[in-house]
Amino acid sequence: MAMQDTLKALADPIRREILHLLKSGRMSAGDITEHFDVTGAAISRHLSVLKDADLIRDTREGKFIYYELNASVLEEIMLWITNLKGEV
């Protein structure tokens, strides 16, 4: 089920763009929201889906929540795709 959740999370272009933003380092939800033309609630939902798929982690610092990539899950996905292509 974990792979299915991961692929579902990656299917949305906004979620893929969030992952791309987090490639540069951790960001608050507000900083992430500034990059999109959607509501903060919509970004919150996207972050929740990414977190449920274990693609990102969050850390609370005071009143802010910071998000960062979970590289280990991304590496697993890349390995799985590479195996499908027959390159391993």
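Everything below is about the structure shown above.
Residues numbered from 1 in each chain as written. Predicted model: local features only at pLDDT ≥ 70, side-chain atom pairs only at ≥ 80, totals over all residues. Heavy atoms only, no water.

Draft legend 1. Representation of the overall build of the protein chain in the model. A tally of helices and strands in the protein chain yields five helices and three strands. For the protein chain, the spread of C-alpha atoms along the principal axes amounts to about 45 × 25 × 25 Å. Residue burial in the protein chain is summarised as follows: out of 88 residues, 27% are buried. If you take every contact in the protein chain between residues at least 6 apart in sequence, the share linking residues at least 24 apart comes to 48%. Total accessible area on the protein chain is roughly 5900 Å²; 53% of this is exposed by carbon and sulfur atoms. Across the protein chain, the mean location of the 11 positive side-chain charges is 3 Å away from that of the 14 negative side-chain charges. (Helix = DSSP H or I, 4+ residues; strand = E, 2+ residues; numbered from the N terminus. Buried < 20%, exposed > 50% of the residue type's maximum accessible area, 1.4 Å probe, protein only. Contact = heavy atoms within 4.5 Å. Areas by Shrake-Rupley, 256 points an atom, 1.4 Å probe, with all protein chains shown as cover. Lys, Arg positive; Asp, Glu negative; His and termini not counted. Charge placed at Lys NZ, Arg CZ, Asp CG, Glu CD.)

Draft legend 2. Structural detail: helix α5 (residues 71–85). Under the 1.5 Å per step criterion, the end-to-end length of α5 is 21 Å for 15 residues, consistent within 8% with the ideal 21 Å. In the segment just after α5, Gly86 is the residue with positive phi, at about 80 degrees. (Expected span 1.5 Å × (residues − 1).)

Draft legend 3. Here's a closer look at the pairing of strand β2 (residues 56–61). Pairing of β2 with strand β3 (residues 64–69), which is carried by six bridges, proceeds in the antiparallel orientation. Looking across to β3, one finds that Arg57 is bridged to Glu68. Between β2 and β3, which pair antiparallel one after the other, the connecting turn spans two residues, and Gly62 there sits at a positive phi close to 65 degrees. (Pairing = 2+ DSSP bridges.)

Draft legend 4. Representation of the packing of helix α2 (residues 13–22) against helix α4 (residues 40–52) in the model. Between α2 and α4, the shortest axis-to-axis distance is 10 Å and the interhelical angle comes to 75 degrees. Relative to α4, α2 is oriented roughly perpendicular. Each of Ile14, Arg15, Ile18 and Leu19 in α2 lies in contact with α4, whose residues at this interface are Ile43, His46, Leu47, Val49 and Leu50. In terms of residue class, the contact of α2 with α4 is made up of seven nonpolar, one polar and one charged. (Axes fitted to C-alpha atoms, helices over the stretch in contact; angles between N-to-C directions. Parallel < 35°, antiparallel > 145°, perpendicular 65-115°, else oblique. Nonpolar A, V, L, I, M, F, W, Y, C, P; charged D, E, K, R; others polar.)

Draft legend 5. Geometry of the side chain of Ser28. Looking at the secondary structure, you find Ser28 in strand β1 (residues 27–28). There is a polar contact of 3.1 Å between the side chain of Ser28 and the backbone nitrogen of Asp31. In this structure, Ser28 is in contact with Ile65, Tyr66 and Tyr67, ignoring residues within four places of it in sequence. (Polar contact = N/O pair within 3.5 Å; in protein donor to acceptor, adjacent residues only side chain to side chain.)

From the geometry alone we can't say anything about function, so treat these as descriptive.
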